[in-house]
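What follows is the residue order along each chain.
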Amino acid sequence: MDAPISDVLSIEKIAVNDEETGRYIALATINRPNKLNALNSEVMEALKNFCAWAEADTQIRCIVLTGAKPLAPLEGKRPKPNAFVAGADISEFVDMDSKAAKIKFTDNAVEAIWNLTKPTIAMIDGFALGGGSEVACSCDIRIASKRSKFGTPEINLGLIPGYGATQRLSRLIGYGKTLELVLTGEMIDAEQAEKIGLVNQVCANEELYDITMNMANIIASKSVFIAKAAKRTIRASLNHSLDEGIAIEAEEFAKLFDSKDKVEGVNAFMARSKPNWHDN
Ligand code: COA
């Protein structure tokens, strides 16, 4: 299956552990470095197409999202900073009314990322602001370089977050910290982001790719069928009470005992061999 082609989103299929096993990681790079990878309509459309493709392509086990690195500056110009995504493209807000905003912000690409059933990682190198922090929060895991900066500056534009931060960010870092970030519009650095649980791991700038891809390889070498069950079950904790969530877990856990991959995993352990996952 061919990946969708777009100037604003580069897509690579990377073989898991560099082996010819038919298992791949999909790496999608938002490619508007001169605009700090801001999310314009074209990027949002490309991200939606990417999600549909990555979900349907059975070779893909794990998805990594990132932003393009800055280009070399033109002569006499200052270099652009590193960015994951510096937010929604503000230039598209200029003449936008509530009707157009509702269409743009409903059923958007951030929801498409959130709704992926396969594991997702945000690889963050630089600014992750507004929609950028929302894209990151719609991924399962966030790994950031030391130079990254996070924030929800919409209040400075006379707005509030519109791609889910009021809900997903507060589930991740709590009600109080979310209010602080949204009401002040101030940025925090990567170390503070790690301290409050906004990112899973912070690393040296030059180690970001290797550390992220190492984690993606570990995840992608498991059964994607079991990984999906884990993601679905953990996700249930966001929408259900503790008792309901425990009941969902018991149900999901028990169902796996009829799967080929439970048989494979347990038998491989007993035989001290490497499991050969069937993905069902
Ligand atoms: N939408 C559209 N364009 C954006 C953008 C956004 N969210 N963020 C940055 N850009 C563009 C700038 O307009 C500039 O374009 P230009 O060179 O054609 O003029 C380019 O990206 C580089 O940004 P610049 O502001 O010059 O870089 P900086 O290093 O001085 O500042 C930021 C970096 C991130 C602090 C600053 O760009 C910023 O505040 N961006 C907006 C963040 C925001 O409010 N996001 C939430 C949107 S809802």
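Definitions and cut-offs
- Residues numbered from 1 in each chain as written.
- Predicted model: local features only at pLDDT ≥ 70, side-chain atom pairs only at ≥ 80, totals over all residues.
- Heavy atoms only, no water.
- Helix = DSSP H or I, 4+ residues; strand = E, 2+ residues; numbered from the N terminus.
- Rg over C-alpha atoms; globule rule 2.2 N^0.38 Å.
- Buried < 20%, exposed > 50% of the residue type's maximum accessible area, 1.4 Å probe, protein only.
- Contact = heavy atoms within 4.5 Å.
- Core = buried A, V, L, I, M, F, W, Y, C linked by side-chain atoms within 4.5 Å.
- Domains from an automatic or database assignment.
- Buried area = accessible area lost by both parts, 1.4 Å probe.
- Salt bridge = Lys/Arg side-chain N within 4 Å of Asp/Glu carboxyl O.
- Polar contact = N/O pair within 3.5 Å; in protein donor to acceptor, adjacent residues only side chain to side chain.
- Nonpolar A, V, L, I, M, F, W, Y, C, P; charged D, E, K, R; others polar.

1. Let's talk about the overall build of the protein
In terms of regular secondary structure, the protein is built from 11 helices and 10 strands. For 280 residues, the compact-globule formula gives about 19 Å, and the C-alpha radius of gyration of the protein, at 20 Å, lands near that figure. Split into buried and exposed, the 280 residues of the protein put 44% on the buried side. In the protein, 68% of the contacts between residues at least 6 apart in sequence involve partners at least 24 apart.

2. Some remarks on the side chain of S170
Along the polypeptide, S170 turns up in helix α5 (residues 165-173). For S170, a relative accessible area of 18% translates into the label buried.

3. Some details on the nonpolar core
Grouped together as the largest cluster of nonpolar side chains are 46 residues, with contacts concentrated most on L39, L47, F50 and F150. Looking at this core element by element, the count peaks at 8 residues for helix α1 (residues 41-56). Sequence-distant contacts of F150, defined by excluding residues within four places in its chain, comprise I124, A128, L129, A144, E186, M187, I188, D189, A190, A193, L198 and V199. Among the nonpolar cores identified, the runner-up in size contains 16 residues, and V16, I141, L208 and M213 belong to it.

4. A closer look at the domain arrangement of the protein
The domain boundaries assigned to the protein delineate domain 1 (9-220) and domain 2 (224-271). Taken residue by residue, the interface counts 11 residues in domain 1 and 6 residues in domain 2. Approximately 780 Å² of surface area, both sides summed, lies buried where domain 1 meets domain 2, with 54% of it carried by carbon and sulfur atoms. Sorting the residues of domain 1 by area buried against domain 2 places W114, T117 and R171 first, and these three jointly supply 53% of that buried surface. Summed over the shared surface of domain 1 and domain 2, the result is 2 salt bridges. With its nearest N and O atoms 3.6 Å apart, the salt bridge here joins D140 to R235. The interface formed by domain 1 and domain 2 includes 4 residue pairs in polar contact (both at pLDDT 80 or more). Of the residues in the side of domain 1 that touches domain 2, the class split is 4 nonpolar, 2 polar and 5 charged.

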